[in-house]
Amino acid sequence: MLLSIDWIFIIEKCILIAVIIGISLVVAMYETWAERKVAAIMQDRRGPNRAGVFGILQPMADGLKLFMKEEIIPNLSNRFLFVLGPGLAMLTAMMTSAVVPWSSHLDIKGRMVSLQVADINIGILYIFGVVSMGVYGIMIGGWASNNKFSLLAAVRGASQIISYELAMGLSFIALLMLTGTLSLRTIVEQQQDHLYNFIYQPLGFFIFLICAFAECNRTPFDLSEAENELNFGYHQEYSSMKLGFYLFAEYVNMFISSAVMATLFFGGYDIPFVNDISFGQQHGQNVLAILQGLSLFVKVGVFIFFFMWVRWTIPRFRYDQLMRLGWKILIPLALINMLATGFIILLRNNGWHL
Amino acid sequence: MSATQVLFWFLSVLAIFSAIMMVASKNPIHSVLWLIIVFFAISGHYVLLNAQFLAIVNLIVYAGAIMVLFLFVIMLMNLNADTEPQKNKWLKMAGVIAGGALLLVFVAALKNADLKNQLVQTNSGEIGLINNLGLSLFHDYVVPFEVSSVLFLSAMVGAVVIAKKND
C-alpha cells in the first residue's frame with residue numbers, strides 16, 4: 001500500500017479531534033446563553049427564558065436566526081478574502097485545543113488512549129504561535145470588507161492583540177523557568193506532585209489573565225468591536241453566519257484560553273485534594289480519567305464565569321489607556337517578574353533554601 | 001512512498017508554488033498572503049526534520065509578527081493592483097540577472113559540499129529539539145549569542161529614537 005502507518009492511532013486521534021471540536025462548539029454555544037443569564041442576574045433581570053426551560057434552547061434559536069438571515073457580500077469587497085476572514089478566525093480559535101491535555105488517559109482493552117491530541121515538546125510555544133496567527137482573521141476580514149471603518153477597526157484590534165502578546169509571552173517565560181519544560185502534559189504532572197503554579201507565579205498569572213482578556217477581545221478590551229461608541233468594528237460589513245463565526249470564535253477563544261489558564265496555573269486535569277494515582281488504582285483508570293476531565297471542566301467553567309463577571313462590571317478602556325496599560329505597565333511588570341523568578345531560581349540552585 | 005515522503009513533496013510543491021505566486025501576483029496584499037503560506041510550508045519542512053522549535057519560532061516571528069507589520073503598512077497605504085507602479089523593463093531585466101547570479105552562486109557553493117553522503121535525518125535528528133538547541137546555544141555559542149543580543153538592543157533603541165523624533 002501507499003502508506004505504512006498505524007491506522008488505529010490515526011482513527012483514535014481523528015475521533016478525539018472530532019469530540020474536542022464538538023465539545024468546544026457546544027460549550028461556546030452555551031457560553032452565549034450563560035453570558036446573557038449572567039448579565040441578567042447582574043442587572044436584576046430574568047434573561048432569555050422563552051425558548052425551552054430557562055431559555056435552554058436559546059442558542060439554537062440564535063444560531064437558526066443567523067443562518068436564516070440574508071447573506072450580504074459587499075460589491076467592492078474582495079470576495080475570497082471576505083469569506084476567508086471569519087473562517088480563519090474560527091480556525092485559529094480551534095487550533096489551540098490540539099495541545100491541551102483534557103485528561104490523563106483512558107484504558108480501552110489494554111490500549112492507553114491519551115486524551116490529548118498532540119503532546120509536542122513545544123506545547124506552550126505552539127499556543128503562542130497560534131495566538132499570534134489570530135490577528136489574520138481580524139485583519140483580512142477588516143481589509144476585505146473595503147470599508148474604511150472596518151479597516152481602522154481591524155488595525156485597532158490587531159495592534160491591541162500584538163501589544164498584549166508581548167506581555168503574555170514574557171509571563172510564559174517566567175513560568176517556563178520554573179517548570180523547565182514546554183510540554184503541557186509534563187507541566188500538569190509536575191503540578192500533581194507539587195503545589196499549583198499559581199502559588200509560585202501569582203503575578204505571572206494575573207498578567208496572563210489580563211492578556212487573555214485582551215487576546216479574546218473581551219471587555220474591558222473589546223475596542224475592536226466597541227459597537228456603541230466606535231462603530232461596529234472589523235465585522236461591520238458582515239452579516240448572517242459569517243458575522244456569527246466572528247462572534248462565535250470569540251466564545252471558542254474564551255473557552256480554550258480558560259482551559260490553557262487552568263492547565264498552566266491551576267493544575268489542569270488534576271483533581272484538587274485527591275491523590276490521583278492511588279484513586280486510579282482503587283476505582284480504575286477510566287473512572288479516574290473521566291473525573292479528571294470533569295475537574296478540568298469545572299476549573300474552565302469558573303474561569304468562563306470570571307470572564308463574564310468582568311464583562312458586566314468593568315467599563316471599557318479608552319484606546320490610549322489600553323496601550324499604556326499594555327506597554328507601560330504589563331510589559332515592565334512581566335519583565336520584573338521574569339527577573340525575580342530567575343534570581344530566586346539562581347539562589348536555590350546555589351544552595352539557598354527559600 | 002512513506003507518509004514522510006508524501007508530506008515532503010506536498011510541502012515542497014506548496015512552498016515553491018506560493019513563492020512564485022508571491023512574486024507574480026499584482027496585488028500587494030495577495031503577495032503578503034502567499035508569502036505567509038510559504039512560511040507555513042517551510043515550517044512544515046522544519047517539523048519533518050524534527051526541528052520543532054525552529055518551526056514554531058519561524059511561524060511566531062515571521063508569519064505572526066513581521067508579516068502582520070507588512071500587512072499593516074500595505075493596508076494603511078491602501079496599495080492595490082491599480083496603484084502599483086509598473087517597473088520599467090530594464091529594471092526587470094536587471095532583477096532577473098541579479099537573481100540568476102545569486103542562484104549560480106548557490107549552486108557553485110553547494111556543488112562541492114559533501115551532501116550526497118549525508119541523508120536528511122527525518123524524524124530522528126535530535127539537535128532541533130529545544131533542549132539540545134538550548135544547550136548548544138548557551139554552552140558552545142554563548143559569545144555570538146550575547147553579541148547578537150547587543151545588536152537587537154541597539155535596534156530597539158534605534159526604533160524608539162525614530163519613533164520619538166517628532167515629539
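Residues numbered from 1 in each chain as written. Chains lettered and ligands numbered in written order. Predicted model: local features only at pLDDT ≥ 70, side-chain atom pairs only at ≥ 80, totals over all residues. Heavy atoms only, no water.

Draft legend 1. Geometry of helix α12 (residues 319-349) of chain A. Residues and elements named next belong to chain A. With 31 residues, α12 ought to run about 45 Å at 1.5 Å a step, and its terminal C-alpha atoms sit 43 Å apart, in line with that. Of all the bends in α12, the largest measures some 30° and sits at L330, one to four residues before the proline P332. Residues of α12 that are buried include every one of L322, M323, L325, G326, L330, I331, A334, N337, M338, T341 and L347, and no others. Those residues of α12 hidden inside the fold are in contact with α5 (148-179) and α8 (202-215). (Helix = DSSP H or I, 4+ residues; strand = E, 2+ residues; numbered from the N terminus. Expected span 1.5 Å × (residues − 1). Bend = angle between axes of the 7 residues up to and from the residue. Buried < 20%, exposed > 50% of the residue type's maximum accessible area, 1.4 Å probe, protein only. Contact = heavy atoms within 4.5 Å.)

Draft legend 2. Spotlight on the interface of chain A and chain B. At the interface, 25 residues of chain A touch 25 residues of chain B. Approximately 2100 Å² of surface area, both sides summed, lies buried where chain A meets chain B, with 80% of it carried by carbon and sulfur atoms. Our count for the contact surface shared by chain A and chain B stands at zero salt bridges. For the side of chain A that touches chain B, the secondary structure elements donating two or more residues are α4 (123-144) and α5 of chain A. Of all the elements, α4(A) adds the most residues to the side of chain A that touches chain B, at 11 residues. Of the residues in the side of chain A that touches chain B, the class split is 20 nonpolar, five polar and no charged. (Buried area = accessible area lost by both parts, 1.4 Å probe. Salt bridge = Lys/Arg side-chain N within 4 Å of Asp/Glu carboxyl O. Nonpolar A, V, L, I, M, F, W, Y, C, P; charged D, E, K, R; others polar.)

Draft legend 3. View of the domain arrangement of chain B. All names here are of chain B. Per the domain assignment, the segments of chain B are domain 1 (3-128) and domain 2 (129-167). Across the boundary between the two partners, domain 1 contributes six residues, which contact four residues of domain 2. Both faces considered, domain 1 and domain 2 share a buried interface measuring about 540 Å² in area, 64% of it formed by carbon and sulfur atoms. Sorting the residues of domain 1 by area buried against domain 2 places F53, E126 and I127 first, and these three jointly supply 70% of that buried surface. The interface formed by domain 1 and domain 2 holds zero salt bridges in total. Inspection of the region where domain 1 meets domain 2 yields zero residue pairs in polar contact (both at pLDDT 80 or more). Along the lines of polarity and charge, the residues of the side of domain 1 that touches domain 2 split into two nonpolar, three polar and one charged. (Domains from an automatic or database assignment. Polar contact = N/O pair within 3.5 Å; in protein donor to acceptor, adjacent residues only side chain to side chain.)

Draft legend 4. Here's a closer look at the packing of aromatic side chains. All told, the structure shown has 28 aromatic pairs over all chains when counted by the stated rule. Between A:Y238 and A:Y246, the ring centres sit 5.1 Å apart and the planes meet at 85°, which makes this aromatic pair edge-to-face. Overall, the relative accessible area of 5% leaves A:Y238 in the buried class. Here B:F8 and B:W9 contribute two aromatic rings whose centre-to-centre distance is 5.4 Å and whose plane-to-plane angle is 80°, an arrangement assigned as edge-to-face. The class for B:F8 is partly exposed, based on a relative accessible area of 38%. Members of the aromatic cluster, joined through ring pairs, are A:F128, A:F172, A:F198, A:F205, A:F206, A:F208, A:F265, A:F266 and A:F303. (Phe/Tyr/Trp six-rings, centres within 6.5 Å; stacked < 30°, edge-to-face > 60°.)

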